[in-house]
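Analysis of the macromolecular model
Here is how the chains run, residue by residue.
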Amino acid sequence: MTDNQIEKLEALHFWCWSLDWRERTWHEQYTAAVEFYKEHGHTRVNKKDNPSLCNWIQTQGKRYKELKGHKPLSEEELELLEQIDFAFFEDQPRMSWNNMYNEVKKYREENDGLFPDHKDDLKLNRWMRQQRNRMRSSYGYVALSDDQDELLKAIDFPILPKGADLRGWYERYDELVEFWKEHGHFLVLESENPVLLKWIDRQRLRYKGTASWQVVPLSKSQIYLLERIGFPWVSNRNEIEWQMMYDKLVQFQKERGHIQVKRLENQSLYGW
């Protein structure tokens, strides 16, 4: 098969494992809203210019106000929507960023410098998770303002979550994002970074939902972060092996000044 054929098949497989079509549509529209906000500084979309996005924003407002006939927003949806100044928040505001910050600061002062976790306050914990993603400029999140960044640094706000497993996940995720930005793909070679390659394989295993004491399924937030950068849930080992052999050929050329590989010198590379 050609690379194009493989990409098309992987795309089909990717979606069948992915979030259902309603959630995919929601995230697509949310991404469009973020881009609009970045360009215009507001979310007042003209219906004539973009009727689909305008209708979507109006629907989120009805869901936020929990009007009859509209499914209330989930906490994860609220977490994303709160990054942007939607008009419906003004009509029925939730706790402002500064108020949430003061709540976290107060908790820390009253608890020997500790930060709240999900057992203490779900709302504060969700807000903190949002700020961590914004501090790290996670793909799909709106960056903090300079003032917000300074305020969080003033209380030594942790850029990674509490707990070795979660911290390790986000550290590897950031490493994967940097690899993707540099190379434009996710074909990590074992010879270059065996730790990251092993982590990638584990995320695919966790995504399949094979729950056991050794494999914990990915959270929806983790799935969202991976899908935002186009992470493929199906590995293409043939392509990886091709890349490995190609790299060997490049190294051979650097050392010998040509690519006339002899069978007796390197049988596998010669055959390739």
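Residues numbered from 1 in each chain as written. Predicted model: local features only at pLDDT ≥ 70, side-chain atom pairs only at ≥ 80, totals over all residues. Heavy atoms only, no water.

A few words on the packing of helix α6 (residues 97-110) against helix α8 (residues 146-154). Across the interface, α6 lies against α8 with an axial gap of 11 Å and an inter-helix angle of 5°. In terms of their interaxial angle, α6 and α8 are classed as roughly parallel. Between α6, through Trp97, Asn98 and Tyr101, and α8, the contact on the second element is made entirely by Gln148, Leu151, Leu152 and Ala154. Tallied by class, residues from the contact of α6 with α8 come to five nonpolar, two polar and no charged. (Axes fitted to C-alpha atoms, helices over the stretch in contact; angles between N-to-C directions. Helix = DSSP H or I, 4+ residues; strand = E, 2+ residues; numbered from the N terminus. Parallel < 35°, antiparallel > 145°, perpendicular 65-115°, else oblique. Contact = heavy atoms within 4.5 Å. Nonpolar A, V, L, I, M, F, W, Y, C, P; charged D, E, K, R; others polar.)

Glancing now at the nonpolar core. Side chains of a nonpolar character, in soluble globular proteins, are inclined to be buried together. One finds Tyr30, Trp56, Phe86, Leu176 and Leu226 to be the most contacted residues of the largest nonpolar core, which totals 44 residues. Where this core is concerned, the elements lending two or more residues are α2 (21-40), α3 (51-64), α4 (75-81), α5 (87-91), α9 (164-183), α10 (194-207) and α11 (220-228). Here Trp56 is in contact with Trp26, Gln29, Tyr30, Ala33, Leu81 and Phe86, once residues within four sequence places are set aside. Of all hydrophobic cores here, the second largest spans 13 residues; its members include Tyr101, Phe115, Ile155 and Phe157. (Core = buried A, V, L, I, M, F, W, Y, C linked by side-chain atoms within 4.5 Å. Buried < 20%, exposed > 50% of the residue type's maximum accessible area, 1.4 Å probe, protein only.)

Structurally, the position occupied by Glu227 is in helix α11. Of the polar contacts made by the side chain of Glu227, one reaches the side chain of Tyr207; its length is 3.5 Å. (Polar contact = N/O pair within 3.5 Å; in protein donor to acceptor, adjacent residues only side chain to side chain.)

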